[in-house]
Amino acid sequence: MNTFMAKASDIERKWYVIDAEGAPLGRLATEVANILRGKNKAIYTPHVDCGDYVIIINAEKVAVTGKKLDQKTYFHHSDYVGGVKMTTLRQMLEKHPERVVEHAVRGMIPHGALGDQVYKKLHVYVGPDHKQAAQKPEVLELKY
């Protein structure tokens, strides 16, 4: 028996639209990360980008449980002394809700060249409209 290894030429990519309204953030991110990696396909190969394109709409309506709105913080540094910037989830959802979903999905895919390639197939939008209508994406209902 031989182990099947997918090549880039073997992969057929689809476009999916996922509505994030009322979806728990972490569960949404894991499902999206699996679709982006291609783990939902029979031809999944760990070192090849086998995944599909994902469009997430209504990113501002994602749900979180517990006290995460005030206790979860996002951290970045300006590389200057004392340049630490902390932002809570509540502030991020008000200013840049798409970044919340992008950050959650980014943390669940590989960090490196393959992860960068996978991450480029994610498109997140605030509101119900998106720019990829020409690709004729399929609506994907996720079970949470």
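Scroll up a little and you will see the structure.
The structure presented is a predicted model; accordingly, all values stated were derived computationally and were not measured. (Residues numbered from 1 in each chain as written. Predicted model: local features only at pLDDT ≥ 70, side-chain atom pairs only at ≥ 80, totals over all residues. Heavy atoms only, no water.)

Looking at this structure, I do not really get the overall build of the chain. What am I missing?
Across its full length, the chain carries 5 helices and 6 strands. For the chain, the N- to C-terminal ordering of α and β elements is β-α-β-α-β-β-α-α-α-β-β. Judged by the C-alpha coordinates and their principal axes, the chain covers about 55 × 35 × 30 Å. Only carbon and sulfur atoms are counted for the fraction: they give 52% of the accessible area of the chain, which is about 9,100 Å². Within the chain, one finds 21 positive and 17 negative side-chain charges whose respective centroids are separated by 4 Å. (Helix = DSSP H or I, 4+ residues; strand = E, 2+ residues; numbered from the N terminus. Areas by Shrake-Rupley, 256 points an atom, 1.4 Å probe, with all protein chains shown as cover. Lys, Arg positive; Asp, Glu negative; His and termini not counted. Charge placed at Lys NZ, Arg CZ, Asp CG, Glu CD.)

Whenever I open this one, the pairing of strand β2 (residues 53–57) confuses me. Can you help?
Regular strands have side chains that alternate between both faces of the sheet. Within β2, 4 of the 5 residues are buried, which leaves the element mostly enclosed by the surrounding structure. When strand β1 (residues 15–19) meets β2, the two strands line up parallel, connected through 5 bridges. Bridge assignment links Val-17 to a residue of β2, and that residue is Ile-55. In the classification by handedness, the crossover that spans β1, the intervening helix α1 (residues 25–37) and the parallel β2 is right-handed. The sheet contact formed by β2 and strand β5 (residues 122–124) spans 3 bridges and is parallel. Bridge assignment links Val-54 to a residue of β5, and that residue is Leu-122. (Buried < 20%, exposed > 50% of the residue type's maximum accessible area, 1.4 Å probe, protein only. Pairing = 2+ DSSP bridges. Right-handed = clockwise from strand over helix to strand, strands pointing away.)

Honestly, the environment of Val-126 in this entry has me stumped. Any pointers?
Inspection of the secondary structure assignment puts Val-126 in the loop between β5 and β6 (138–139). Under the relative-accessibility criterion, Val-126 is labelled partly exposed at 44%. Discounting residues that sit within four places of it in the chain, Val-126 has contacts with Ala-59, Glu-60, Pro-97 and Glu-98. (Contact = heavy atoms within 4.5 Å.)

Could you clarify how one ought to interpret helix α4 (residues 97–106) in this entry?
For an α-helix, the turn length of 3.6 residues means that residues three or four places apart are oriented alike. Residues of α4 that are buried include every one of Pro-97, Val-100, Val-101, Ala-104 and Val-105, and no others. The buried residues of α4 occupy one face: seen down the axis, they fall within an arc of 125°. Looking at the buried residues of α4, the elements they touch are α1, β2, β3 (73–77), α3 (89–95) and β5. (Arc of directions from axis to C-beta.)

How should I be thinking about the pattern of salt bridges in this particular structure?
If charged atoms from side chains of opposite charge come close, those side chains can pair. Enumeration according to the criterion identifies 7 salt bridges in this entry. A salt bridge links Lys-41 to Asp-52, with the nearest nitrogen and oxygen atoms 2.9 Å apart. Taken together, the residues Lys-41 in the loop between α1 and β2 and Asp-52 in the loop between α1 and β2 connect sequence positions 11 residues apart. Taking relative accessible area as the criterion, Asp-52 reaches 2% and is therefore assigned buried. Connected through shared salt-bridge partners, Arg-13, Asp-49 and Lys-121 make up one network. (Salt bridge = Lys/Arg side-chain N within 4 Å of Asp/Glu carboxyl O.)

Help me understand the packing of aromatic side chains in this model?
Two aromatic rings, taken as a pair, are described by how far apart their centres are and by the angle between their planes. Tallied over the full model, the rule gives 1 aromatic pair. Summarising the aromatic geometry, the rings of Trp-15 and Tyr-53 are spaced 4.2 Å apart at their centres and angled 5° between planes, so their arrangement reads as stacked. Pair noted here: Trp-15 is in strand β1 and Tyr-53 is in strand β2, with a separation of 38 residues, a long-range link. Sitting over the ring of Tyr-74, Lys-72 keeps its end group 5.0 Å from the ring centre. The ring of Tyr-119 is capped by Arg-106, whose NZ or CZ atom sits 5.3 Å from the centre of that ring. (Phe/Tyr/Trp six-rings, centres within 6.5 Å; stacked < 30°, edge-to-face > 60°. Lys NZ or Arg CZ within 6 Å of the ring centre and 35° of its normal.)

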